[in-house]
Amino acid sequence: MDCYTLTVNGEVREIAGDEATPLVFVLRNDLDLIGAKLGCGLEQCGACAVLVDGEATLCCNRPAGEFAGKQITTVEALSEDTEGAAVQVAFIAEGAAQCGYCTAGLVVAATALLKKTPKPDRQEIASGLEDHLCRCGSHARVIRAIERASETLAHV
Amino acid sequence: MSNPGLNGHPTLDEWIAIKADGRIAVKTGKVDIGQRISTALAMIAAEELDVPVDRIDVIRTVTGEAPDEGITSGSNSMMESGVAVRLAAATARRHMLAQAAEQLDVDIDSLDVEDGLIQSRNTNRSVRYEEIQGDKLFEVDVNPDTDTKSPEAHRIVGGKIAPLDLSEIVTGEYRFLHDVKVPGMLHARVVRPPHYEARLVSVDADATERLRESGMDIVQDGSFLAVAGRDEFAVIRAAERLFGACAWNTGPGLVEADIYESLASNTRESRPVESDGVPQDKPVTPLADPPKSATATLEARYDKPYHAHGSMGPSAGFALRTESGLEVKSHSQGVYFLRSAIAEALDMDEDTVRIEHMPGAGCYGHNGADDAAFDAALIACALPGHPILLKWTREEEHSWAPYATAMSMKLRGSLDADGKVLDWNHESYGDTFMMRPRSGPNRAGAARLLSGRYRDDPPPKFVAGPTMGRHVGIHRNLDPLYDFPQKRLVKNLVRDLPLRTSALRTLGAFANIFAIECFMDELAEVAGVDPVTFRLNHLTDPRAREVIEAATSRLDVSTPPEGRGRGVGFAQYKNLKAYAAVAVELEVTNAAEIVLHRAVLAGDAGEIVDRDGLAAQYDGGFLQAASWAMAEQVTWDRDGITSRDWETYPILGFENVPELETVLIERPGVPFLGAGEAVSGPSGAAIANAIYSATGLRLRRMPFTPDALRAAAMDA
Ligand code: FES
Ligand code: FES
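A brief report on the enclosed structure follows. Bear in mind that the values here come from a model prediction, so they are computed numbers and not experimental data.

What counts as what
Residues numbered from 1 in each chain as written. Chains lettered and ligands numbered in written order. Predicted model: local features only at pLDDT ≥ 70, side-chain atom pairs only at ≥ 80, totals over all residues. Heavy atoms only, no water. Pairing = 2+ DSSP bridges. Helix = DSSP H or I, 4+ residues; strand = E, 2+ residues; numbered from the N terminus. Axes fitted to C-alpha atoms, helices over the stretch in contact; angles between N-to-C directions. Contact = heavy atoms within 4.5 Å. Left-handed = near helix turned anticlockwise from the far one by under 90°. Buried area = accessible area lost by both parts, 1.4 Å probe. Salt bridge = Lys/Arg side-chain N within 4 Å of Asp/Glu carboxyl O. Polar contact = N/O pair within 3.5 Å; in protein donor to acceptor, adjacent residues only side chain to side chain. Nonpolar A, V, L, I, M, F, W, Y, C, P; charged D, E, K, R; others polar. Phe/Tyr/Trp six-rings, centres within 6.5 Å; stacked < 30°, edge-to-face > 60°. Buried < 20%, exposed > 50% of the residue type's maximum accessible area, 1.4 Å probe, protein only. 1 Å grid on protein atoms, 1.4 Å probe; cavity = no way out; pocket = protein on both sides within 12 Å on 5 of 7 lines; lining within 4 Å. Points joined across faces, edges and corners; volume = space filled by probe spheres on them.

## Quick notes on the sheet that holds strand β23 (residues 565–572) of chain B
Residues and elements named next belong to chain B.
- Here we have four strands laid out as an open sheet, ordered β23-β24-β25-β28, and mixed in their pairing. Sheet topology places β23 and β28 (659–664) at the edges, where each strand pairs with a single neighbour. Averaged over all adjacent pairs, the angle separating strand axes in this sheet is 15°, with direction ignored.
- Across ten bridges, the pairing between strand β24 (residues 579–588) and strand β25 (residues 594–604) is antiparallel. Note on β25: the bridge partner recorded for Ala580 is Gly603.
- Its contacts with the sheet place helix α17 (residues 680–695) against β23, β24 and β25, and it is angled at close to 155° to β23.

See below:
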């Protein structure tokens, strides 16, 4: 069995297991970080998104070993992050989830977007979310939540 | 008023419990599937009991513990559980006030409640709910005639609150069934045949031996084959290897004939549907010639393909076979029915099977949830003592969960000299929507659980008869709400269609309303009347008129801006539940792509409880219906389903989200009307009508893809 380390939410974690296992399983099963969801395992839906060195990254199909030495941030740690916290508050204010299965991935994507583009227009929001799907139809609320978060951040 | 939940569960203790710490438990048989029913029920209970919403715990539904309220479906939850919980909470309040009056030695009418503190206006003496009732049984029945608060006194109901659980959802802490983790748990995956008709002939013994040596458990029962092990990803890989080691008898494969041909020509069972939406057990009268006085007669056929539920999280099930029974966790919409089916299939006593509802991804009907629970149960029974968490793969969810049937709707309408409808004919054709698992004669429970049909000694195939209930199935919203002097309505349950079908949000209503509302526009044009006036000319129901006016006064469909089209659609769900009118503005680009610009959704769902949750049902329902209408169709060939993931079964993404405005009509004190499915049909129709307004192309078959638009333009 391999042993390797990953940096997750600021902590160095020892992982005992096959480095070829996609990161999402390591986060969920070995580290009990269940925010990233398994939606497809095919990089088609966005449910598994995490931040890797600040970039929203789908991790359901890429070996965990590839992420060694990088900063992995999961949705669980985003309340400690300026943009992340603003996004979470805005999602609640806009009621931007129904079943919530896609939501953690969207919060991650929205956080990454606002870090890069603090005042995104509709086009930029759409492209920031292009890897993501939602079946419940929360889209319009998610977009409004991102605009709301962007406004709050402009005033801090 | 009779309430199905209260009829079966009349005692107050079955609905409400006051805890010693002051928290209040509300029990319900309706499960939260993202529609926020728990939030609405908590608001109703908090209102009647005069406590803040955060003091209420809506308890997860568990068989044997929660009231059996059947299935969470059909937009019934507010009318059933909402009413039951309101009456239960009011009874509880009354009961505690009576006791308080005695204890404080004051008149009951002098008592007020604030945050669970019962206080006498006369004496200033007080006592808390939990001091009277904490951890005690009420031992009284819910009084169905008890007074409930008047709408003017409402402080919580009708307001806007953040949905329960949302703060845990956005921080990723919320646990879905998929996130269950218990000591010693094994992950499991099923190895499915290539398609419905294939059966397992043999599995390569060397391959299974190697997998067993690597620590995997392999479970086989006939053509049901599964792998379980400690490491989830290793199990996924083992399942892939095992599939490669299987020899299948694939038989003749799936029938590839054009589905709309099959809908028109296969054998069918036809029933006339009378004007209140109820099919009749009598022969269908043949279509007569149009009335002599008709000045114009129009005919059209509309088609809708098979649709997938497409839950974002593939279905999952948890099971543990203990010495005394079976523990199951499921995101099924009907845990009691599921229990009856599982107990029947496993030949167990129902009382030894316990099913706890846990949230899954939005399902919108009978998706793979029940099947996955049964898969987990089968594996657990083969590996007693081991907790099993079984997950379907994305491909499995897309290719094995039931679909909403493809449908065809044939309409013929005649106008009189005043441009009013004189005669209306509507026949709908489709497969069944009614395949939820439930025990029954000839092992009907096992027959309606997917893997039940692949085990050794499978039960006979379950063939659903035509459902005869009001608006249940293909004929949901077949009966238009419009005042037409003469209507002939027929439902046709078509046999021998290729795919597995069952309930998806709205059942037949989505297709029927699409057809009715497009045909109304077609007739309006012939009559030379604008679509809104034409509808209003045929509608006396004031609430129906009001939603249409609310939507179209905000987005005037008769004056689309240059280069764009506008359309309207309307219905009252089941002619009984919430009303919805939708006005849409869109553009069709040179690449034949539809860009949605604006949508105004007007709704009347009776008294509003959870304002934002209700709005979310409308705006979420619109976007889902837009996706059905514009993007989706299940595809297959001889070798199986070919729409197996999000690339081959595309849905609407974030790139095409219009400016959405949701207008809710205020109806304080008026009965709740279920709203979860109200907007879907009108949305599909409004989009089709707006495409016509933009392009002059009448698309009568979904999905409205660029290919479909180009083909229509070629034919025009
Ligand atoms: S689970 Fe990773 S993109 Fe779907
Ligand atoms: S909220 Fe259910 S999938 Fe997005």
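That covers the picture; the talk isn't over yet.
## Here we look at the packing of helix α9 (residues 335–346) of chain B against helix α10 (residues 369–382) of chain B
Residues and elements named next belong to chain B.
- Two elements in contact, α9 and α10, have axes whose closest approach is 11 Å; the angle formed by their N-to-C orientations is 35°. Pair α9 / α10 crosses with right-handed handedness. Contacts between α9 and α10 involve Leu338, Ile342, Ala345 and Leu346 on the former and, on the latter, Asp370, Ala373, Phe374, Ala377, Leu378 and Cys381.

## Brief notes about the interface of chain B and chain A
- Chain B puts 59 residues into the contact, and the matching count from chain A is 50 residues.
- Carbon and sulfur atoms make up 58% of the surface buried where chain B meets chain A, a total of about 4,400 Å² over both sides.
- For chain B, the biggest contributors to the area lost against chain A are Val170(B), Met312(B) and Phe654(B); these three give 19% of the whole.
- At the surface where chain B touches chain A, the tally comes to eight salt bridges.
- Close ionic contact of Arg141(A) with Asp612(B) constitutes a salt bridge, the shortest N to O distance being 3.0 Å.
- Counting the contacts that link chain B with chain A gives 23 residue pairs in polar contact (both at pLDDT 80 or more).
- Among the secondary structure elements, those contributing two or more residues to the side of chain B that touches chain A are α5 (166–170), β7 (186–191), α7 (232–244), α16 (611–630) and β28 of chain B.
- Considering each element in turn, the side of chain B that touches chain A owes the most residues, ten residues, to α16(B).
- Its residues placed into classes, the side of chain B that touches chain A shows 25 nonpolar, 16 polar and 18 charged.

## Observations concerning the environment of Arg545(B)
Residues and elements named next belong to chain B.
- Tracing the backbone shows Arg545 in helix α15 (residues 542–554).
- C-alpha of Arg545 to C-alpha of Ala686: the two residues are 141 residues apart in sequence and 16 Å apart in space.
- What Arg545 contacts, discounting residues up to four positions off in sequence, is Leu536, Leu539 and Thr540.

## Observations regarding the packing of aromatic side chains
Residue and element names in this part refer to chain B.
- Throughout the structure, instances matching the rule amount to 15 aromatic pairs over all chains.
- Both rings, one in Phe514 and one in Phe704, keep their centres 6.0 Å apart while their planes meet at 55°; by these two values the pair is tilted. With a gap of 190 residues between them, Phe514 in helix α13 (residues 509–527) and Phe704 in the loop between α17 and α18 (706–715) connect regions that are remote in the sequence.
- Using a relative accessible area of 0% as the deciding quantity, one classes Phe514 as buried.
- Assessed through its relative accessible area of 2%, Phe704 is described here as buried.
- Following the ring pairs from residue to residue traces out a cluster consisting of Trp424, Tyr482, Phe484, Phe519 and Phe570.

## Considerations on empty space enclosed by the protein
- The full count for this structure, using the stated rule, is ten cavities of 30 Å³ or more.
- Roughly 80 Å³ of internal volume is contained in the largest cavity.
- Tallied by class, residues from the lining of the largest cavity come to seven nonpolar, three polar and two charged.

## Focus: the layout of surface pockets
Residue and element names in this part refer to chain B.
- Each pocket or cavity is described by its volume, and for the largest pocket that value is around 1,000 Å³.
- Forming the walls of the largest pocket are 49 residues, and the residues nearest its centre are Thr72, Ser73, Gly74, Ser75 and Asn76.
- Within the residue set of the lining of the largest pocket, elements represented by two or more residues are α2 (37–49), α3 (77–104) and α16.
- The leading source of residues in the lining of the largest pocket is α16, at three residues.
- The residue makeup of the lining of the largest pocket, split by class, is 24 nonpolar, 16 polar and nine charged.

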